[in-house]
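Spelled out from the first residue to the last, the chains are:
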Amino acid sequence: MANANFSEPWAGYLVQAQSQLASTSIPRLLLLLVVNIPVIAVVLNVLSQMLPRDRSLPPLVFHWIPWFGSAAQYGQDPVEFFKSCREKHGNVFTFILLGRRVTVTLGPKGNDFVFGGKHTVVAAEEVYGPLTTPVFGKDVVYDCPNEVLMEQKKFVKVSLTTDKFRDYIGMVDDEVTQFLSTDPAFRTYQMDDINEWGSFSVYKTLAEMTILTAARTLQGKEIRENMTKGFAELYADLDHGLTPLHWMFSNLPLPSYRKRDVAHEKMSQFYQNILRNRRNNNVGYEDDVMASLMNQTYRDGRPIPDHEIAHMMIALLMAGQHTSSSTTSWVLLHLADRPDIAEQLYQEQVKHFGLPGGGFREMTYDELKKLPILDAVIRETLRCHAPIHSIMRYIRDDLPVPQSLGAPSEDSVYVVPKGYTVLASPALSQMDPLIWKDANTWDTTRWLDAAGMAAQAKREYDEDTKVDFGFGLVSKGTESPYLPFGAGRHRCIGEQFAIVQIGTIISTIVRKIEMRLEGPFPKPDYSSMMVVPQQPCQIAYRRRKFD
Ligand code: HEM
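Computed from a prediction, not measured in an experiment: that's the story for all the values here.

Undergrad: Report on the pairing of strand 1 (residues 92-97), specifying residues and quantitative values.
TA: The element strand 1 is largely enclosed, with a buried count of 6 among its 6 residues. Burial along strand 1 is two-sided: the residues Val-92, Thr-94 and Ile-96 and Phe-93, Phe-95 and Leu-97 are all buried. Of the strand pairs in this sheet, strand 1 and strand 2 (residues 100-105) are connected by 6 bridges, and their pairing is antiparallel. Bridge pairing in strand 2 places Thr-94 opposite Thr-103. Counting the residues between successive antiparallel strands, the hairpin from strand 1 to strand 2 contains 2 residues, one of them, Leu-98, with a positive phi of roughly 45 degrees.

Structure representation (structure tokens):
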């Protein structure tokens with residue numbers, strides 16, 4: 001019987017394998033196994049994706065490597081990745097991102113699903129907390145219950161008033177003027193020769209201008225005075241703790257983590273010292289954000305502890321920095337690329353603020369809000385370059401997806417299981433060729449057409465039903481295809497401040513210099529948490545005759 005079996009063709013192979021096994025020592029066998037584990041894992045992973053799946057689960061994006069999933073494609077260009085997945089799976093699909101199961105819901109209805117979800121089910125703190133808590137600090141933003149965050153947003157909003165913005169315009173203008181007159185990057189400007197061209201690194205320059213102007217306005221006198229004395233280094237160490245790596249692993253034994261923690265502790269103490277000094281030494285201080293936080297209490301009557309005030313100030317500093325500096329950088333890059341639009345912007349300034357003998361008078365807040373070209377330039381730049389490409393929430397309970405977004409069949413729905421992450425991408429809906437005409441073109445005129453798509457999106461965003469989530473009435477706006485400042489309960493509270501800051505920086509620069517692009521228009525860099533222009537990117541400039 002045994003002999004008969006050996007006459008089969010595969011029997012020879014069996015014998016060979018058996019003798020090989022007999023001659024293989026245990027360590028070699030282990031080595032063979034270890035070497036082949038990755039291959040086995042990939043094979044099992046691929047096979048598992050071929051098995052029939054629970055039909056209520058959103059379709060899974062094919063990936064070779066378990067755990068790692070589609071991280072490379074997503075990290076390289078999230079918007080293109082989403083577009084290619086949409087072609088295959090529609091508006092709802094799940095991809096694997098370093099062990100997380102992330103369900104993407106695209107389009108205005110997808111935005112509404114994520115931004116408009118109940119916070120008891122669709123939660124931000126589980127997703128963002130591990131990244132932000134070591135940087136901002138304990139007991140604020142995503143290190144506290146959502147109701148407390150809503151109160152904290154209200155505290156800050158109290159001090160972001162129209163009256164304050166009126167003062168801020170002069171301060172921002174002053175900081176930018178001083179920067180151009182003193183920073184080594186603007187030597188050519190300082191030479192006062194209108195025929196000479198110089199060059200500046202746009203993102204670096206705007207990062208510096210943004211932090212200086214935020215310090216002068218929002219952060220208060222003491223912070224502005226300390227900007228050059230070590231504060232910048234602390235800021236940099238904190239900032240280097242806000243990367244995709246720190247998001248995935250909130251604590252690793254690496255230098256950037258240690259520096260982040262040291263910087264947080266020093267920064268927190270720095271703010272708390274200012275607080276103590278203000279209280280105990282009876283020093284005069286301005287009516288700034290910190291002053292406003294010192295005088296408010298939680299609904300239950302509890303004053304805001306010093307460490308919370310300090311941590312809120314850090315959170316504000318970090319939340320406004322890359323968002324505003326990358327937006328202003330993109331604006332200048334587009335203006336340098338399109339001198340005709342820069343000229344329109346300049347002429348708008350001349351028309352409204354030009355003085356008879358040359359030069360300009362100061363803008364007021366109410367005037368800034370009514371400049372159509374400036375408004376169109378900022379809106380169009382935010383449409384094409386949303387600094388935050390992915391808005392994520394953690395799913396605390398199984399969540400059915402509305403049929404209108406996508407479904408396995410006419411009489412069933414997809415369900416996003418508890419433990420998944422959901423993701424909306426306004427960056428895609430803002431540039432979606434299915435929604436916008438010439439979606440990929442930076443075209444400021446679309447915002448000047450009262451009957452066009454942009455006007456409709458703006459109405460949906462700014463004039464939708466008003467809701468109070470605990471920090472004052474805000475337009476719900478979750479279904480607009482254009483939501484650069486987010487929507488719903490996590491909507492940005494820095495929106496109006498950012499418009500004042502960005503609008504004033506641009507106006508001051510356009511009044512003083514002409515710009516041209518040096519080299520090709522830079523591509524977006526998705527490697528950090530925010531979308532910024534790829535480096536190096538330089539702008540050539542020359543001083544205008546009257547500034
Ligand atoms: C929230 C964008 C400037 C403070 C947000 C969100 C977006 C956003 C998209 C929603 C995030 C989410 O839903 O997960 C922007 C853009 C800015 C900007 C594009 C500038 C161009 C600022 C500034 C400040 C600020 C200057 C501070 C003064 C905040 C805060 C939140 C927020 C506190 C609330 C976070 C939450 O409730 O979870 N911002 N932001 N932002 N932003 Fe901004």
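We are not done yet, so read on.
Undergrad: Give a detailed account of the site of the ligand, specifying residues and quantitative values.
TA: Around the ligand sit 26 residues, and of these Tyr-142, Lys-153, Arg-393, His-490 and Cys-492 come closest. A distance of 3.2 Å separates an oxygen atom of the ligand from a polar side-chain atom of Tyr-128. Here the shell around the ligand gets 6 residues from one element, more than from any other, and that element is helix 17 (residues 306-337). Tallied by class, the residues present in the shell around the ligand amount to 17 nonpolar, 7 polar and 2 charged.

Undergrad: Give me the packing of aromatic side chains: which residues, what numbers.
TA: What the rule picks out here adds up to 24 aromatic pairs. For the ring pair Phe-62 and Trp-64, a centre distance of 5.2 Å and an interplane angle of 85 degrees mean the geometry is edge-to-face. By relative accessible area, which is 37% here, Phe-62 ends up partly exposed. Judged by centre distance (5.6 Å) and plane angle (50 degrees), the rings of Phe-231 and Phe-270 are tilted. With Phe-231 in helix 13 (residues 227-239) and Phe-270 in helix 15 (residues 255-280), the pair connects residues that are 39 residues apart, well separated along the chain.

Undergrad: So what's going on with the side chain of His-389? Residues and values would help.
TA: On the secondary structure map, His-389 appears in the loop between helix 20 (372-384) and strand 5 (391-395). Once you skip the residues sitting within four places of it in the chain, His-389 turns out to touch Tyr-74, Pro-78, Ala-424, Ser-425, Pro-426, Ala-427, Tyr-526 and Val-531.

Rules used throughout
- All residue numbers refer to position in the chain's written sequence, counted from 1.
- Two thresholds apply to this predicted model, a pLDDT of at least 70 for residue-level local features and 80 or more for giving and counting side-chain atom pairs, whereas whole-chain, interface and lining totals are computed over all residues.
- Each side-chain value is worked out from all heavy atoms of the structure, with water and hydrogens disregarded.
- Any residue under 20% of the maximum accessible area for its type is buried, any over 50% is exposed, and the rest in between are partly exposed; the area is computed with a 1.4 Å probe on protein chains only.
- Each helix is a run of H or I in the DSSP string that is no shorter than four residues. Each strand is a run of E no shorter than two, and both are numbered from the N terminus.
- Whether two strands pair depends on DSSP finding at least two bridges between them.
- Any residue with a non-hydrogen atom lying within 4 Å of a molecule or strand is treated as near it.
- Contacts described as polar in this section are N or O atom pairs within 3.5 Å, which, within protein, must combine one atom able to donate a hydrogen with one able to accept it, while residues neighboring in sequence count only if both atoms come from side chains.
- Classification convention: Asp, Glu, Lys, Arg as charged; Ala, Val, Leu, Ile, Met, Phe, Trp, Tyr, Cys, Pro as nonpolar; all other residues, Gly among them, as polar.
- Pairing of aromatic side chains here covers Phe, Tyr and the six-membered ring of Trp, requires ring centres within 6.5 Å, and sorts the geometry by plane angle: under 30 degrees stacked, over 60 edge-to-face, intermediate tilted.
- Any two residues having at least one pair of non-hydrogen atoms within 4.5 Å are treated as being in contact.

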